[in-house]
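Working through the structure, step by step
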Amino acid sequence: KKRILSGAKPTADSLHLGNYIGAVRNWVDMQAEYDAVFFIPDLHAITVDFEPSELAKRTRVVAAQYIAAGIDPDKSIFFVQSHVPEHAQLAWALNCITGFGEASRMTQFKDKTQKFGADAATLGLFAYPTLMAADILLYQTDLVPVGEDQRQHLELTRNLAQRFNTRYGQTFTVPEATILKATAKIYDLQNPAAKMSKTGESPNGSIQLLEDPKIAVKRIKSAVTDAGTEIRFDPEGKPGVSNLLTIYSTLTGKTVAELETEYQGKMYGHLKVDLAEVMVDFLTPLRNRTNELMADPAELDRLLAQGAERAREIASVTLARVYERMGFLPSL
Ligand code: TYM
């Protein structure tokens, strides 16, 4: 079986709809067919300003949301990044084969330092992509299902794997990104030129999976639509409406073409009312299940500890090989 690996950062009180549609949903679909590894990149969460008193809780919330969305911790390996020290250890080795210029070209670093100011430009944020490469390479991953915004990080990961293999001998599987075109980028409901994000400028532009579904209804009804009246999938000319159609299609399993036919001659308002209903039906059980899981943190922690143990069995073998290839004196 091929191996897949992915993760979503615990940087907010809830994952948002973009995380779900662009990533988590696909993981759930893929876990039957692949040997799957899903983790919570909490070491990545501290590369931007964060609240120490919230980090543990947010990590558990993401864990609960993975399970509520359908990740099966018995089937898939499921753990917290900081519980497996090999991630930070391999990241250091990778830092030492990564060019300063190469890392400087990462657009997420540029975007984040622009957005959060010069003080945000820490070494940790700069090294974000090599830590991510370590996450992936430790498990000899074949495929990495992510949204479009992670494409450049995956390219770097591939380059580092190849470079290491060439320099020190065959060690890593060279992974590939799996980015599903239709859902690779869910847009902000208020600004369909930007991606939906945890730190979006307009809170009304995103849908948080754990928020009261009534809020989601309001946000869909006030979503920015486009000039004209026709309900048609046209990401260039009608980005707002097209985004709503993508969301609608993913949550119902109807194709965009079917939806276009269904809404022929109807108005944007109809589409929004129906999508709002679909959203409530989607969010309500997911939210209830997440809250149930959050009510028993000891059980969540137990599942995560079990996952970390399984993860370490794989990660420690890779790290040992890396150290050996690099010529470190073995510790007795
Ligand atoms: P993160 O936490 O920002 O996002 C988690 C996943 O959600 C996807 N995503 C979106 N997809 C479509 N539309 C959107 N608006 C949208 N917003 C987010 C992201 O592409 C991602 O797949 N660096 C990663 C976390 C990470 C990781 C890894 C992922 C750390 N190590 C190793 C894969 C493998 C991140 O910031 O994701």
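Not measured: the values here are computed from a predicted model. Counting of residues starts from 1 at the beginning of each chain's written sequence and follows it residue by residue. Predicted model: local features are reported for residues with pLDDT of at least 70 only, side-chain atom pairs are reported and counted for 80 or more only, and whole-chain, interface and lining totals are derived from all residues. Values reported for side chains reflect all heavy atoms of the structure, with hydrogen atoms and water molecules removed beforehand.

A word on the nonpolar core
Formally: The definition of a nonpolar core used throughout is a set of buried Ala, Val, Leu, Ile, Met, Phe, Trp, Tyr and Cys residues joined through side-chain atoms within 4.5 Å. When a residue's accessible area, from a 1.4 Å probe over protein chains only, is under 20% of the maximum for its type it is buried; when over 50% it is exposed; and in between it is partly exposed. Helical segments are the DSSP runs of H or I of at least four residues, strand segments are the runs of E of at least two, and each set is numbered from the N terminus. Contacts between residues were defined by any pair of non-hydrogen atoms, one from each residue, lying within 4.5 Å.
Core analysis: the biggest nonpolar cluster contains 55 residues, and Leu17, Tyr66 and Met279 have the highest contact counts within it. Mapped onto this core, the elements with two or more residues apiece are helix H1 (17-30), strand E2 (35-40), helix H3 (52-69), strand E3 (77-80), helix H10 (213-221), helix H11 (239-252), helix H13 (268-294) and helix H14 (297-326). A total of 10 residues in this core trace back to one element, the largest contributor, which is H13. Discounting residues that sit within four places of it in the chain, Leu17 has contacts with Met196, Ile207, Leu209, Ile247, Met279 and Phe282. Core analysis: the second largest hydrophobic core is formed by 40 residues, Phe39, Leu138, Leu154 and Val322 among them.

Some thoughts on the site of the ligand
To be explicit about the condition: For each residue, the test is whether any non-hydrogen atom lies within 4 Å of the molecule or strand; if one does, the residue is near. Polar contact is defined as a pair of N or O atoms within 3.5 Å, subject to the rule that within protein one atom must be able to donate a hydrogen and the other to accept it, and that residues adjacent in sequence are counted only when both atoms are side-chain atoms. Any residue outside Ala, Val, Leu, Ile, Met, Phe, Trp, Tyr, Cys, Pro, Asp, Glu, Lys and Arg is labelled polar, Gly included; the first ten of those are nonpolar and the last four are charged.
In the neighbourhood of the ligand, 29 residues make up the surrounding shell, with Lys9, Tyr128, Asp135, Asp149 and Ile186 lying closest. Contact between the ligand and Lys9: an oxygen atom at 2.6 Å from a side-chain N or O atom of the residue. In the model, a nitrogen atom of the ligand is placed 2.9 Å from a nitrogen or oxygen of the Met196 main chain. When residues of the shell around the ligand are traced back to their parent elements, those giving at least two are strand E1 (3-7), H1 and helix H8 (128-137). For the shell around the ligand, the residue count by class is 13 nonpolar, 10 polar and six charged.

Let's talk about the packing of aromatic side chains
The geometry of an aromatic ring pair is captured by the separation of the ring centres together with the interplanar angle, meaning the angle of the planes. To be explicit about the condition: Two aromatic rings from Phe, Tyr or Trp, using only the six-membered ring of Trp, form a pair when their centres are within 6.5 Å; if the ring planes differ by under 30 degrees the pair is stacked, by over 60 it is edge-to-face, and anything between is tilted. Whether a charge sits over a ring comes down to the Lys NZ or Arg CZ being within 6 Å of the ring centre and within 35 degrees of the ring normal.
Evaluated as defined, the whole model comprises 12 aromatic pairs. Summarising the aromatic geometry, the rings of Tyr66 and Phe78 are spaced 5.8 Å apart at their centres and angled 55° between planes, so their arrangement reads as tilted. Highlighted residues: Tyr66 in helix H3 and Phe78 in strand E3, separated in sequence by 12 residues. For Tyr66, a relative accessible area of 0% translates into the label buried. Each ring, one from Phe164 and one from Tyr168, has its centre 4.8 Å from the other, and the planes form 50°; the classification is tilted. Placement of the pair is Phe164 and Tyr168 together in helix H9 (residues 151-168), with a separation of four residues, close to one helical turn. Since its relative accessible area comes to 0%, Phe164 is described here as buried. These aromatic residues form a ring-pair network of at least three members: Trp27, Phe38, Tyr66 and Phe78. Here the basic side chain of Lys266 rests over the ring of Tyr263, its NZ or CZ set 5.3 Å away from the ring centre.

What about the UniProt feature "binding site: ATP" (unreviewed entry) in the chain?
This is how it is decided: UniProt positions are given in the numbering used here, feature names are shortened, and annotations may be inferred rather than shown by experiment.
Feature annotation in UniProt assigns "binding site: ATP" (unreviewed entry) to the following positions: Lys9, Pro10, Thr11, Gly18, Asn19, Gly147, Glu148, Asp149 and Ile186. Looking at where Gly18 falls in the secondary structure, it is placed in helix H1. Excluding residues within four positions of it along the chain, Gly18 makes contact with Ala23, Ile186 and Met196. For Glu148, the position within the fold is in the loop between strand E4 (143-145) and H9. By relative accessible area, which is 30% here, Glu148 ends up partly exposed. Not counting chain neighbours up to four residues away, the residues in contact with Glu148 comprise Ile179 and Ala184.

Some remarks on the environment of Gln306
Note that Gln306 resides in helix H14. In this structure, the C-alpha to C-alpha distance between Gln306 and Phe79, residues 227 residues apart in sequence, is 7.8 Å.

Things to note about the pattern of salt bridges
Condition: Just to be clear on terms, a salt bridge is a Lys or Arg side-chain nitrogen sitting within 4 Å of an Asp or Glu carboxyl oxygen.
Tallied over the entire structure, the rule returns 14 salt bridges. Among the ionic pairs, Asp13 bridges to Arg58, the shortest N-O distance being 3.0 Å. Placement of the pair is Asp13 in the loop between E1 and H1 and Arg58 in helix H3, with a sequence separation of 45 residues. Asp13 gets classed as partly exposed once you look at its relative accessible area, which sits at 42%. Salt-bridge contacts for Arg312 lead to Glu86; the nearest nitrogen and oxygen are separated by 3.2 Å. Pair noted here: Arg312 is in helix H14 and Glu86 is in helix H4 (residues 86-95), with a separation of 226 residues, a long-range link. For Glu86, a relative accessible area of 4% puts it in the buried group. Residues participating in the shared-partner salt-bridge network are Glu230, Arg232 and Asp234.

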